[in-house]
Amino acid sequence: MSITTSPRLSVQGLAKTYRTKSGDVPVIADLTFDVQAGEVACIVGPSGIGKTTLLKCLTGLQPITSGSARIDGVEIDGPPEEMALVFQEYTRSLMPWLTVAKNVRLPLRHLRLSTAEREERIASALAAVGLAGAEAKYPWQLSGGMQQRVAIARAIAYRPEVLVMDEPFASVDAQTRFELEDLCLRIREQFGMTILLVTHDIDEAVYLSDRVIVLGERPARVTEIIEIDFGDPRDQLETRATAAFAELRTRIFGLIRKAG
Ligand SMILES: Nc1ncnc2c1ncn2[C@@H]1O[C@H](COP(=O)(O)OP(=O)(O)OP(=O)(O)O)[C@@H](O)[C@H]1O
C-alpha cells in the first residue's frame, strides 16, 4: 500500500495584482510549488520580483488575486493560525517597552494555555534560541543578533506549523548570520517546523534549503525549483566548501542573473 502525504503548503497558480489609484500593478503572474512538512524552502529572485508580496499573500496580509494557497489542504483566506512570521526589521517587530519574556508571551495571549504551559513555552523557546536567563531584559539592552533571536523565540513559542521568514538575517553581521542560520536548522529539528524563508543571499539559500524556489520574469513566475540534498547536520565550513555547494550556487546565481 502506498501512502501519499499532502504537502504542508501548496501554492497553485497564485497570481497577485495590486489595485492602485494609478492603475493595476501585476506583480505575480503564476506561481505553483509545494513545501513538504518539515522542509526548509527558500524563495530567491531578483530585487523587486515579488518575494515579499508572495509572503504577504501566504500570511493573509494581502488577498490573492487568483489561484490558491493551502496549508494542509485548507485554503488561506486570512492570517492562518498555523503560521508565524519573522521580519528582517527586529527593531520594529519587538515592543521596546516590554521585557524579553513579555515580548515572547504576546502572541500566546490568543491561545488557550494554562499559565504553566505558557511559561514553559516561553522558557523552552528562549532556551532554544540561546537566551535562557534574558527574560527580564529589554530589547534595547540586547545586540541586534540577540533581538532577532527574541523575535524567533516569539515565533516558535507560538508553535506554528509553518514559520515564515522575510530576509530574517539581512540586518546582522556575517558571524551572527551563520549562527542564526544554524539556529534555524536546529529549530526545524527540535520543533519539526516547516520553514519558508525569503533571502537575497544565494549561499544562505543553498546552505539552509531542502528546496530553493527561484522566481523570475515580471510579473513573476517560478523559473526553477531546485532540490538540495546535503542531509543533516550541515556545517558552515565543510558544507560550503563542497563542490556540490559551489555548483548549486553558480547555477542559482545564473538563473537569477538571467531573470533580473
Ligand atoms: N502595496 C503595493 N501597491 C502597489 N505596488 C506594490 C505594493 N507593494 C509592493 N508593490 C510593488 O510590487 C513589486 C514587488 O515588490 P516586493 O517587495 O514584493 O518585491 P521583492 O522581491 O520582495 O523585493 P526586494 O527583493 O527588493 O525585497 C514592486 O514593484 C513593488 O513596487
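As recorded in an unreviewed UniProt entry, the protein chain goes by the name Bicarbonate transport ATP-binding protein CmpD, listed as coming from Microbacterium azadirachtae.

Novice: I'd love a proper account of the site of the ligand, names of residues and values included.
Specialist: What surrounds the ligand is the set Tyr18, Thr20, Val27, Ser47, Gly48, Ile49, Gly50, Lys51, Thr52, Thr53, Glu167 and His200. Here Ser47 contributes a side-chain N or O atom positioned 2.9 Å from an oxygen atom of the ligand. Within the backbone of Thr52, an N or O atom sits 2.9 Å from an oxygen atom of the ligand. For the shell around the ligand, the elements supplying multiple residues, two or more each, are strand S1 (9-20) and helix H1 (51-58). Broken down by element, the shell around the ligand gets its largest block of residues, three residues, from H1. Looking at the shell around the ligand residue by residue, the classes come out as three nonpolar, seven polar and two charged.

Novice: Before we move on, can you summarise the UniProt feature "domain: ABC transporter" (unreviewed entry) in the protein chain with the specific residues and values?
Specialist: UniProt's feature table lists "domain: ABC transporter" (unreviewed entry) at residues 9-242, given in the numbering used throughout. Counting secondary structure, residues 9-242 comes out at 30% helix and 28% strand; the distance between its end C-alpha atoms is 30 Å.

Novice: Pulling in residues and values, what's your account of the pattern of salt bridges?
Specialist: A side chain with one charge may pair with a side chain of the opposite charge, provided their charged atoms come close. Per the counting criterion, the structure on display carries 22 salt bridges. Between Glu224 and Arg251 there is a salt bridge, with the nearest N and O atoms lying 2.7 Å from each other. Here Arg251 lies in helix H8 (residues 243-259) and Glu224 lies in strand S10 (residues 220-227), a separation of 27 residues in the sequence.

Novice: Can you explain the sheet that holds strand S7 (residues 162-166)? Please cite residues and give values.
Specialist: Note on sheets: strands pair through backbone hydrogen bonds, and any given pair is parallel or antiparallel. Spatially, the ten strands line up as an open sheet ordered S5-S4-S1-S2-S10-S9-S3-S8-S7-S6, and their pairing is mixed. Lying at the two open borders of the sheet, with one neighbouring strand each, are strand S5 (74-75) and strand S6 (83-86). Pairing of S1 with strand S2 (residues 23-35), which is carried by nine bridges, proceeds in the antiparallel orientation. Paired with Arg19 across the bridge in S2 is Asp24. Where helix H5 (residues 144-157) meets the sheet, its contacts fall on S6 and S7, and the angle it forms with S6 comes to roughly 175 degrees.

Novice: Any chance you could break down the layout of surface pockets for me, citing the residues and the numbers?
Specialist: There is about 540 Å³ of room inside the largest pocket. The wall of the largest pocket is formed by 19 residues, among which Met83, Ala84, Leu85, Pro107 and Arg154 lie closest to the centre. Of all the elements in the fold, those that place two or more residues in the lining of the largest pocket are S6 and H5. Class assignment for the residues of the lining of the largest pocket results in 14 nonpolar, three polar and two charged.

Novice: Could you give an account of helix H4 (residues 115-128), with specific residues and numbers?
Specialist: Note: α-helices contain 3.6 residues per turn, so residues at a spacing of three or four share the same orientation. Spanning 14 residues, H4 covers 20 Å between terminal C-alpha atoms, matching the ideal 20 Å at 1.5 Å per step. Burial in H4 covers these residues: Arg121, Ile122, Ser124, Ala125, Leu126 and Ala128. Buried positions along H4 lie against helix H3 (100-105), H5 and helix H6 (174-191). Where H4 ends, the next residue or the one after it, Gly130, has phi of about 75 degrees, a positive value.

What counts, and at which threshold
Residues numbered from 1 in each chain as written. Predicted model: local features only at pLDDT ≥ 70, side-chain atom pairs only at ≥ 80, totals over all residues. Heavy atoms only, no water. Near = heavy atom within 4 Å. Polar contact = N/O pair within 3.5 Å; in protein donor to acceptor, adjacent residues only side chain to side chain. Helix = DSSP H or I, 4+ residues; strand = E, 2+ residues; numbered from the N terminus. Nonpolar A, V, L, I, M, F, W, Y, C, P; charged D, E, K, R; others polar. UniProt positions renumbered as here; feature names shortened; annotations may be inferred. Salt bridge = Lys/Arg side-chain N within 4 Å of Asp/Glu carboxyl O. Pairing = 2+ DSSP bridges. Contact = heavy atoms within 4.5 Å. Axes fitted to C-alpha atoms, helices over the stretch in contact; angles between N-to-C directions. 1 Å grid on protein atoms, 1.4 Å probe; cavity = no way out; pocket = protein on both sides within 12 Å on 5 of 7 lines; lining within 4 Å. Points joined across faces, edges and corners; volume = space filled by probe spheres on them. Expected span 1.5 Å × (residues − 1). Buried < 20%, exposed > 50% of the residue type's maximum accessible area, 1.4 Å probe, protein only.

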